Amino acid sequence: DPQNPLEPANTNEVQGGKVLDMIFMNLKEYDATGKAQLEAADSITTTDQQNFTIKIKPDLKFSDGTPVTSNSFVDAWNYGALVTNKQLNSYFFADIDGYKAVHPDDENAAPTAKTMSGLKVVDDHTFTVKLSQKFSTWPDRLGYKAFAPLPKEFFDNHDAYLKKPIGAG
């Protein structure tokens, strides 16, 4: 049994991870050798190893039939990073510009922002990520479940989502 509700940024134990693996698709997935390959991402590009453009595959859907969009990822990542949401895996977002504003080092301190400045939605299938410093292998992390997209229902009716999670896997 999972130890926590099935929130991607709040699940960090093996059993919960196994469930998340079955119900969520990430931007990348790991093959049998551990190599990260594109999954929900159509492409992840950069010219400087600090600014990334992520294009997601069109026509992806959550299990409730709603589309997986750029906002599905950006909103999920901002939720996961925000200190007041108390997500166990919030540190996975620490490399994104603006993380310290949403997640101060002192976890009792109030955040000075609700969203990370390094995340920008370009359109329904494209978003950009600016890291606080260059990190050439950062895209390989995007197969970890903390980076999974979340449906609008997660934010609109959180209690209902926790009772009946909506995946994109």
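Residues numbered from 1 in each chain as written. Predicted model: local features only at pLDDT ≥ 70, side-chain atom pairs only at ≥ 80, totals over all residues. Heavy atoms only, no water.

**Student:** Help me understand the overall build of the protein chain, please; the structure alone is not making it clear to me.
**Tutor:** Across its full length, the protein chain holds five helices and six strands. Listing every helix and strand of the protein chain by position from the N terminus yields α-β-β-β-β-α-α-β-β-α-α. Against the 2.2 N^0.38 benchmark of 15 Å for 169 residues, the protein chain shows a C-alpha radius of gyration of 15 Å, consistent with a compact globule. Every one of the 169 residues in the protein chain was classed for burial, and the buried ones make up 44%. Expressed as a percentage of contacts within the protein chain between residues at least 6 apart in sequence, the contacts between residues at least 24 apart total 59%. Accessible surface computed for the protein chain: about 8700 Å², of which carbon and sulfur atoms make up 49%. (Helix = DSSP H or I, 4+ residues; strand = E, 2+ residues; numbered from the N terminus. Rg over C-alpha atoms; globule rule 2.2 N^0.38 Å. Buried < 20%, exposed > 50% of the residue type's maximum accessible area, 1.4 Å probe, protein only. Contact = heavy atoms within 4.5 Å. Areas by Shrake-Rupley, 256 points an atom, 1.4 Å probe, with all protein chains shown as cover.)

**Student:** Mind showing me how you'd approach the sheet that holds strand 4 (residues 51-56) here?
**Tutor:** Consider a sheet: its strands pair through backbone hydrogen bonds, and that pairing is either parallel or antiparallel. With antiparallel pairing, four strands are arranged side by side in an open sheet as 3-4-6-5. The sheet terminates laterally at strand 3 (41-46) and strand 5 (119-123), the two strands that pair on one side only. Neighbouring strand axes in the sheet, compared pairwise and without regard to direction, differ in orientation by 20° on average. For strand 3 and strand 4, the ladder comprises five bridges, and the chain directions are antiparallel. Within strand 4, the residue paired with Ser-43 across the bridge is Lys-55. Contacts between helix 2 (residues 70-81) and the sheet are confined to strand 4, strand 5 and strand 6 (126-130), with strand 5 contributing the most and set at about 170° to the helix. (Pairing = 2+ DSSP bridges. Axes fitted to C-alpha atoms, helices over the stretch in contact; angles between N-to-C directions.)

**Student:** Even after reading the chapter, I still don't get the environment of Gln-50, so can you show me in this structure?
**Tutor:** Along the chain, the position of Gln-50 falls in the loop between strand 3 and strand 4. The sequence separation of Gln-50 and Trp-77 amounts to 27 residues, and the corresponding C-alpha distance is 17 Å. Dropping the residues within four chain positions of it, Gln-50 is found in contact with Val-129, Lys-130, Leu-131, Ser-132, Gln-133 and Lys-134.

**Student:** I would appreciate a short explanation of unusual backbone geometry in the present structure.
**Tutor:** Unlike most non-glycine residues, Asp-59 shows phi in positive territory, near 70°. Here Asp-59 lies in the loop between strand 4 and helix 2. Notably, Lys-86 is not glycine yet its phi reads approximately 50°, a positive angle. Here Lys-86 shows up in the loop between helix 2 and helix 3 (99-102). Residue class for Lys-86 comes out exposed when judged on its relative accessible area of 66%.

**Student:** Just to check I follow, could you spell out the packing of aromatic side chains for this structure?
**Tutor:** The geometry of an aromatic ring pair comes down to the distance between the two centres and the angle between the two planes. Inspection of every chain in the model, using the stated rule, returns 16 aromatic pairs. When the ring of Phe-92 is compared with that of Tyr-144, the centres are 4.2 Å apart and the planes differ by 10°; the resulting orientation is stacked. Pair noted here: Phe-92 is in the loop between helix 2 and helix 3 and Tyr-144 is in the loop between strand 6 and helix 4 (152-156), with a separation of 52 residues, a long-range link. On the basis of relative accessibility, which here comes to 27%, the residue Tyr-144 falls in the partly exposed class. Considering the side-chain rings of Phe-93 and Phe-147, the 5.1 Å spacing of their centres and the 70° angle between planes classify their relative orientation as edge-to-face. Taken together, the residues Phe-93 in the loop between helix 2 and helix 3 and Phe-147 in the loop between strand 6 and helix 4 connect sequence positions 54 residues apart. Of the aromatic side chains, those joined through ring pairs into one cluster are Phe-52, Phe-73, Trp-77, Tyr-91, Phe-92, Phe-93, Phe-127, Trp-138, Tyr-144 and Phe-147. (Phe/Tyr/Trp six-rings, centres within 6.5 Å; stacked < 30°, edge-to-face > 60°.)

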